[in-house]
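Coordinate analysis (summary)
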Amino acid sequence: MPEPETSKPEAVAAPAHPHARTLKRLEKSSGSLAAQAIARMDETLPWYRAMPPENRSWIGLVAQAGIAAFTEWFRHPDAPQAISTDVFGTAPRELTRAITLRQTVEMVRTTIEVMESAIDEVAAPGDESVLREALLVYAREIAFATAQVYAQAAEARGAWDARLESLVVNAVLSGEADEGAVSRAAALGWNAPEHVCVVLGTAPDGDSELTVEAIRRAARHAKLQVLTGVLGDRLVVIAGGSDNPLAVAKSLIGPYAAGPVVAGPVVADLLTATRSAQAAAAGLKACFAWQDAPRPVLADDLLPERAIAGDPSAREQLVEEIYRPLEEAGSALLETLSVFLEQASSLEGAARMLFVHPNTVRYRLRRVTDVTGWSPSDVRSAFTLRIALILGRLAEGDLPA
């Protein structure tokens, strides 16, 4: 027996678009609308006319994609639309660097105005209000998409800049600063100021990005250039634009956590900032030995503690800046200073030991201050001078016979 024929199910036709005539006319007009938008930009936007041809062509593609995306929006008004991908995905990522957010808003506004002015021509009779309402909704969504694209680009640039800045700060702190670090700093807007110093202290708990931003605000207020970062538990600031490191540290001290804040000496540029960073790091390590140290404090004010803690640069600095100049000024100054310190800073006691008048001792001590910058009558300075004398004698003992 022949098998009974089975009827095939008929294909269900897709429902017709409620505004099919308008949709068809919109599809046909998309090319001319894009051309009108480009012409309007060339007529009203000076920045567009000044752009290189390649960038203008990319903007033209964005305008065409925007109109095509609106057509799809109108075809499927209830479907989710990834506008940022449909419109801005046609242009390379570099376009967000070539044109600003303000220029992009002007471009989008011009394109929407051209489409709005053509509604009466494009819409089928009776569909004008429907098309106008769809365009208003689309304009809102494209505005959000524009903001999202530029926000993502800004976040990406910010993350990349943060990585670059961290590399520069770490290179300076570790003594590995080279021309590569200088180039990275230049990419971050570092304009090679003449005076540079490094300020170190403890980083506060919490979001390091907030700390870095607080440093930047303080630097802008103080008219300083800064490269900064949180490395471990330390907040590092490389500051440029002032020859007064103590004033720099005072202007930036707000974001630092409780504890010592040490400013390294001023150096000429970023390449030599390692010396300032190493002095500040040694000072931060030795600062706890001086319980009454001011906050902030200069690394050079911590020379005796740094020398005792084993910092070779501090030992060398004490010998070269205090002991050697006194030695060159004559043995009388070294002898008088040594006796004065041994006699508990007593003028009369030192005079008796040296068989001279107290006024002679007083005169020689003033000469010590002139030569070294440290006053023997000040307790803190006397401590520094004593350490310098000890280190100088040790250095003399190390010389070959």
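All of the points below concern the structure found in this document.

What counts, and where the lines are drawn
Residues numbered from 1 in each chain as written. Predicted model: local features only at pLDDT ≥ 70, side-chain atom pairs only at ≥ 80, totals over all residues. Heavy atoms only, no water. Helix = DSSP H or I, 4+ residues; strand = E, 2+ residues; numbered from the N terminus. Contact = heavy atoms within 4.5 Å. Axes fitted to C-alpha atoms, helices over the stretch in contact; angles between N-to-C directions. Parallel < 35°, antiparallel > 145°, perpendicular 65-115°, else oblique. Left-handed = near helix turned anticlockwise from the far one by under 90°. Nonpolar A, V, L, I, M, F, W, Y, C, P; charged D, E, K, R; others polar. Patch = residues over 30% accessible without salt bridge, like charges linked within 9 Å, V, L, I, M, F, W, Y side chains within 5 Å. Areas by Shrake-Rupley, 256 points an atom, 1.4 Å probe, with all protein chains shown as cover. Salt bridge = Lys/Arg side-chain N within 4 Å of Asp/Glu carboxyl O. Lys, Arg positive; Asp, Glu negative; His and termini not counted. Charge placed at Lys NZ, Arg CZ, Asp CG, Glu CD. Buried < 20%, exposed > 50% of the residue type's maximum accessible area, 1.4 Å probe, protein only. Core = buried A, V, L, I, M, F, W, Y, C linked by side-chain atoms within 4.5 Å. Phe/Tyr/Trp six-rings, centres within 6.5 Å; stacked < 30°, edge-to-face > 60°. Lys NZ or Arg CZ within 6 Å of the ring centre and 35° of its normal. Pairing = 2+ DSSP bridges. Polar contact = N/O pair within 3.5 Å; in protein donor to acceptor, adjacent residues only side chain to side chain.

The next subject is the side chain of Ser242. In this structure, Ser242 sits in the loop between β3 (234-240) and α11 (245-252). When near neighbours in sequence (up to four residues on either side) are disregarded, Ser242 contacts His195, Leu224, Val248 and Val266.

With their axes 11 Å apart at the nearest point, helix α3 (residues 53-75) and helix α6 (residues 101-117) run at an angle of 50 degrees to one another. Between α3 and α6, the crossing angle belongs to the class labelled oblique. Classified by chirality, the crossing of α6 by α3 is right-handed. Contacts from Ile59, Val62, Ala63, Ile67 and Phe70 in α3 reach Met107, Thr111 and Met115 in α6. When its residues are assigned to classes, the contact of α3 with α6 shows 7 nonpolar, 1 polar and no charged.

Where like charges cluster on the molecular surface, the negative patch consists of Glu176, Asp178, Glu179 and Asp269. The topology assignment puts Asp269 in the loop between β4 (261-263) and α12 (273-286).

Take the pattern of salt bridges next. This model, assessed by the stated rule, comprises 11 salt bridges. The closest approach of N and O atoms between Asp311 and Arg306, which form a salt bridge, is 2.9 Å. Summarising the burial analysis for this pair, Asp311 and Arg306 share the class buried. Residue Arg324 pairs with Glu320 through a salt bridge whose shortest N-O separation is 3.9 Å. On the criterion of helical spacing, the pair formed by Arg324 and Glu320 is a turn pair, its members being 4 residues apart in helix α14 (residues 312-329). Owing to a relative accessible area of 44%, Glu320 belongs among the partly exposed residues under this scheme. Residues joined in a network through salt bridges with shared partners are Glu320, Arg324, Glu327 and Glu396.

Mapping Cys197 onto the fold places it in strand β1 (residues 196-202). Sequence separation between Cys197 and Val237 is 40 residues, and the spatial gap between their C-alpha atoms is 8.4 Å. When sequence neighbours within four positions are dropped, the list of residues in contact with Cys197 reads Val237, Ile238, Ala239, Pro245, Val248, Gly264, Pro265, Val266 and Ser276.

By size, the foremost hydrophobic cluster in this structure holds 33 residues, and its most contacted members are Met41, Trp47, Ile59, Phe70, Met107, Leu131 and Tyr138. Examining the composition of this core, we find that 8 residues originate from one element, α3, more than from any other.

Turning our eyes to something else, we now look at the packing of aromatic side chains. The geometry of an aromatic ring pair is captured by two quantities: the separation of the ring centres and the angle between the planes. Taken as a whole and judged by the stated rule, the model has 3 aromatic pairs. Both rings, one in Trp47 and one in Tyr48, keep their centres 6.3 Å apart while their planes meet at 85 degrees; by these two values the pair is edge-to-face. For Tyr48, a relative accessible area of 4% puts it in the buried group. The ring of Trp290 carries the charged tip of Arg380 above its face, separated from the ring centre by 3.5 Å.

Contact geometry for α14 and helix α17 (residues 358-372): axes closest at 9 Å, N-to-C directions at 125 degrees. Our classification of the angle between α14 and α17 gives oblique. Read as a crossing pair, α14 and α17 show a hand that is right-handed. Between α14 and α17, the contacting residues are Glu321, Ile322, Pro325, Leu326 and Ala329 on the first element and Arg367, Val368, Val371 and Thr372 on the second. Residues of the contact of α14 with α17, tallied by class, amount to 6 nonpolar, 1 polar and 2 charged.

Turning our attention to the pairing of strand β2 (residues 225-231). Burial runs high along β2: 5 of the 7 residues are buried. With 7 bridges joining them, β2 and β3 adopt antiparallel strand pairing. Note that in β3 the partner of Leu231 across the bridge is Arg234. Taking the residues that link successive antiparallel strands as the turn, the β2-β3 hairpin has 2 residues, and the phi of Gly232 there is positive, at about 65 degrees.

Mapped onto the secondary structure, Thr228 falls in strand β2. At a separation of 2.9 Å, a polar atom in the side chain of Thr228 contacts the main-chain carbonyl oxygen of Val236. Excluding anything up to four places from it in sequence, Thr228 contacts Glu165, Val169, Val212, Ile215, Arg216, Leu235, Val236 and Val237.

Shape is all these values report; function is a separate question.
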